[in-house]
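Spelled out, the chains give:
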Amino acid sequence: MNSCELVAYVSSIACIISKCSSREEMEILSAVLVQLGETLHMMLVNEENCSRKKCGEK
């Protein structure tokens with residue numbers, strides 16, 4: 001899937017969710033997905049830093 005297809009796919013999902021969810025449900029889902037994205041990013045950054053420093057080795 002290329003970048004443009006991914007953007008269109010995600011936008012379509014957002015439209016579908018907005019049609020069948022209340023404002024409160026969308027707010028919670030949005031916050032959950034933001035936290036998920038930030039947590040995944042933090043894990044990737046930590047993994048990269050650990051691989052550079054060889055974490056766990058003395």
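Residues numbered from 1 in each chain as written. Predicted model: local features only at pLDDT ≥ 70, side-chain atom pairs only at ≥ 80, totals over all residues. Heavy atoms only, no water.

Undergrad: Before we move on, could you go through a nonpolar patch on the surface and cite the residues and values that matter?
TA: Taken together, the side chains of Leu29, Leu33, Leu36, Leu40, Met42 and Met43 define a hydrophobic patch exposed on the protein surface, amounting to about 560 Å² of accessible area. Mapped onto the secondary structure, leucine 29 falls in helix α2 (residues 23-53). (Patch = residues over 30% accessible without salt bridge, like charges linked within 9 Å, V, L, I, M, F, W, Y side chains within 5 Å. Areas by Shrake-Rupley, 256 points an atom, 1.4 Å probe, with all protein chains shown as cover. Salt bridge = Lys/Arg side-chain N within 4 Å of Asp/Glu carboxyl O. Helix = DSSP H or I, 4+ residues; strand = E, 2+ residues; numbered from the N terminus.)

Undergrad: Can you tell me about the pattern of salt bridges, naming the residues and giving the values?
TA: When the charged atoms of two side chains lie near each other, side chains of opposite charge can form a pair. In total, this model carries 2 salt bridges according to the counting rule given. Among the salt bridges present, the one from arginine 23 reaches glutamate 27, with a minimum N-O distance of 3.3 Å. You can see arginine 23 and its partner glutamate 27 sitting in helix α2, 4 residues apart, about one turn around the helix. When its relative accessible area of 60% is taken as the criterion, arginine 23 is described as exposed. Its relative accessible area of 45% is what places glutamate 27 among the partly exposed residues. Measuring nitrogen to oxygen at the nearest pair gives 3.4 Å for the salt bridge that ties glutamate 48 to arginine 52. In this pair, glutamate 48 and arginine 52 are both assigned in helix α2, 4 residues apart and thus about one turn of the helix distant. Overall, the relative accessible area of 39% leaves glutamate 48 in the partly exposed class. (Buried < 20%, exposed > 50% of the residue type's maximum accessible area, 1.4 Å probe, protein only.)

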